[in-house]
Amino acid sequence: MRTHTGERPFECTLCEKKFSKAGDLSRHVRTHTGEKPFECTLCEKKFYKAGDLSRHVRTHTGERPFECTLCEKKFYEAGHLRSHLRTHTAERPFECSLCEKKFYKAGDLSRHVRTHTGERPFECTLCEKKFYEAGHLRSHLRTHTAERPFECSLCEKKFSGAGNLKCHVRTHTGEKPFECTLCEKKFYKAGDLSRHVRTHTGETPFECTLCEKKFYEAGHLRSHLRTHTAERPFECSLCEKKFYKAGDLSRHVRTHTGERPFECTLCEKKFYEAGHLRSHLRTHTGERPFECTLCEKKFSEAGCLRRHMRTHTRERPFECALCEKKFSEAGHLRRHMRTHTGEKPLECTLCEKKSSKAGDLGRHVRTHTGEKPFECTLCEKKFPGAGN
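The rules behind each value
Residues numbered from 1 in each chain as written. Predicted model: local features only at pLDDT ≥ 70, side-chain atom pairs only at ≥ 80, totals over all residues. Heavy atoms only, no water. Helix = DSSP H or I, 4+ residues; strand = E, 2+ residues; numbered from the N terminus. Buried < 20%, exposed > 50% of the residue type's maximum accessible area, 1.4 Å probe, protein only. Contact = heavy atoms within 4.5 Å. Areas by Shrake-Rupley, 256 points an atom, 1.4 Å probe, with all protein chains shown as cover. Phe/Tyr/Trp six-rings, centres within 6.5 Å; stacked < 30°, edge-to-face > 60°. Lys NZ or Arg CZ within 6 Å of the ring centre and 35° of its normal. Expected span 1.5 Å × (residues − 1). Salt bridge = Lys/Arg side-chain N within 4 Å of Asp/Glu carboxyl O. pLDDT = per-residue confidence, 0-100. Polar contact = N/O pair within 3.5 Å; in protein donor to acceptor, adjacent residues only side chain to side chain.

Draft legend 1. How the structure looks around the overall build of the protein. Of the regular secondary structure elements, the protein holds 14 helices and 28 strands. When each of the 388 residues of the protein is scored for burial, the buried share is 20%. Relative to all contacts within the protein whose residues are 6 or more apart in sequence, the contacts with residues 24 or more apart total 2%. Accessible surface, the protein as shown: approximately 27,400 Å² in total, 48% of it carbon and sulfur.

Here you go:
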């Protein structure tokens, strides 16, 4: 009856939060006390809730007791099956009261509402960082503990999140379960599909409250906000360099380790970044999936399309904080900043001369090698530089 009346008679004495069920209050109190009474007999991991323990045990046993009657796909949890069934029916029963956007899952709606309210209810007890989602907090805690409890049974690689493991396993099986209904392209991850769909719709649902700039992805908004705050929370443990994004840190670390984990299955060439591998694969396939809506020119990379669009819009979104000069590309801004700082990060391996631009370094190297790659089409004379 309380679901109809809204009555919540069970109140937490520690924070005054109210609940409709005594059991819900009991579980909530454990978030204050830290009590985890439900222990796994296989690995001794402990949980707040009996249901969490049951789900965890299935990660050991591999049991998937919830089966879809339409496609026979099986799931660890009943909730996952319910959400999956909506992919068959297209039902989205959970609607945002602020913008009328609809969702398959109640949890997705709750997370979405926080993009309106800015609420971050999940706080790390070690560094006080706050998060929109409980799962993000759990993943974050592992950055403190370095725990990677999810291991691939095929290659023994370990992951900090179950979702990361599931996505990784698909790199072995080739499974791409998420298909775009507009162009039939398939993806390993649901998030990749959501982002891809926005390339069709042009939707940019994530807006900066400071400058009203909008983004396709929540992560891009978070990274953008740091350009206002100058926060660089991701620090390299090898050289102490700091970064706006976790992905930038991961890529940077590979410059120390030399690791190239992304390998082309056609020519065995290896890459630092997954994006570089995807771009490389298109050199084999000739695919150009990113099309300009204004002139129909096609590109092999989304970044190339974005840069091209600015030739139509004249947008220059990258502004120098020192002199307010604006640029159409981030790389141009980085090079410009060196005119203020005097930094010359590019060094000749033959004589140690340093340059601020890759082009300048390339021209200098030719003074050592004698290379003259620019040829006159009228007299075949060759030159070391395009300007010559």
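On we go from here.
Draft legend 2. Just the packing of aromatic side chains, in detail. Across all of its chains, the model carries zero aromatic pairs by this definition. Across from the ring centre of Tyr76, 4.3 Å away, lies the NZ or CZ of Arg64, which sits over that ring. Here the guanidinium or amino end of Arg92 rests over the ring plane of Tyr104, the centre of that ring lying 4.4 Å away.

Draft legend 3. A look at helix H2 (residues 22-33). Across its twelve residues, H2 extends 17 Å between first and last C-alpha, which sits within 8% of the 16 Å expected from 1.5 Å per residue. The set of residues buried in H2 consists of Leu25, His28 and Arg30. Packing partners of the buried residues in H2 comprise strand S1 (10-11), strand S2 (18-19) and strand S3 (38-39). Two residues or fewer after H2 comes Gly34, characterised by a positive phi angle close to 80°.

Draft legend 4. Representation of helix H3 (residues 50-61). Here H3 is twelve residues long and its end C-alpha atoms lie 17 Å apart, about the 16 Å a rise of 1.5 Å per residue gives. Of all the positions in H3, only Leu53, His56 and Arg58 are classed as buried. The secondary structure elements touched by the buried residues of H3 are S3, strand S4 (46-47) and strand S5 (66-67). Where H3 terminates, the next one or two residues include Gly62, which has phi positive at roughly 75°.

Draft legend 5. Quick look at unusual backbone geometry. Unusually for a residue other than glycine, Glu156 sits at a positive phi of about 70°. Relative to the elements of secondary structure, Glu156 occurs in the loop between strand S11 (150-151) and strand S12 (158-159). Taking the relative accessible area as the measure of exposure, Glu156 reaches 60% and is therefore exposed. Even without glycine at this site, Glu268 takes up a positive phi of about 65°. Position of Glu268 relative to the elements: it lies in the loop between strand S19 (262-263) and strand S20 (270-271). Judged by its relative accessible area of 58%, Glu268 falls in the exposed class.

Draft legend 6. The arrangement of the pattern of salt bridges in detail. On inspection of all chains with the given rule, the structure shows 28 salt bridges. The salt bridge partner of Arg226 is Glu231, with a shortest N-O separation of 4.0 Å. Take Glu231: its relative accessible area is 38%, and that puts it in the partly exposed class. The salt bridge partner of Glu263 is Lys270, with a shortest N-O separation of 3.9 Å. In this structure Glu263 comes out as partly exposed when scored by relative accessible area, which is 37%. The network of salt bridges with common partners includes Asp52, Arg55 and Glu77.

Draft legend 7. Representation of the environment of Ser279 in the model. Structurally, Ser279 is set in helix H11 (residues 274-285). A relative accessible area of 17% places Ser279 in the buried class. Distance from Ser279 to Glu7, taken between C-alpha atoms, is 56 Å for residues 272 residues apart in sequence.

Draft legend 8. Here's a closer look at the confidence of the model for the protein. Here the protein shows a mean pLDDT of 85. Residues at 70 or above account for 99%. When mean pLDDT is compared element by element in the protein, strand S24 (residues 326-327) scores highest at 90, while helix H1 (residues 2-5) scores lowest at 70.

Draft legend 9. Region of interest: the side chain of His112. By the secondary structure assignment, His112 is in helix H5 (residues 106-117). Within the structure, His112 has its side chain in polar contact with the side chain of His116 (distance 3.2 Å). Not counting the four nearest positions on each side in its chain, His112 is found in contact with Cys96, Cys99, Lys101 and Phe103.

Draft legend 10. Quick look at the side chain of His336. Structurally, the position occupied by His336 is in helix H13 (residues 330-341). According to the relative accessible area criterion, His336 is buried, its value standing at 12%. In this view, His336 contacts Cys320, Cys323, Lys325 and Phe327; residues no more than four positions away in its chain are not counted.

Draft legend 11. Here's a closer look at the environment of Thr313. Within the secondary structure, Thr313 is located in helix H12 (residues 302-313). What makes Thr313 partly exposed here is its relative accessible area of 46%. Considered as a pair, Thr313 and Lys214 are 99 residues apart in the sequence and their alpha carbons are 16 Å apart.

Draft legend 12. Here's a closer look at the environment of Arg338. Here Arg338 lies in helix H13. Contact partners of Arg338, with chain neighbours within four places excluded, come to Glu343, Pro345 and Ser356.

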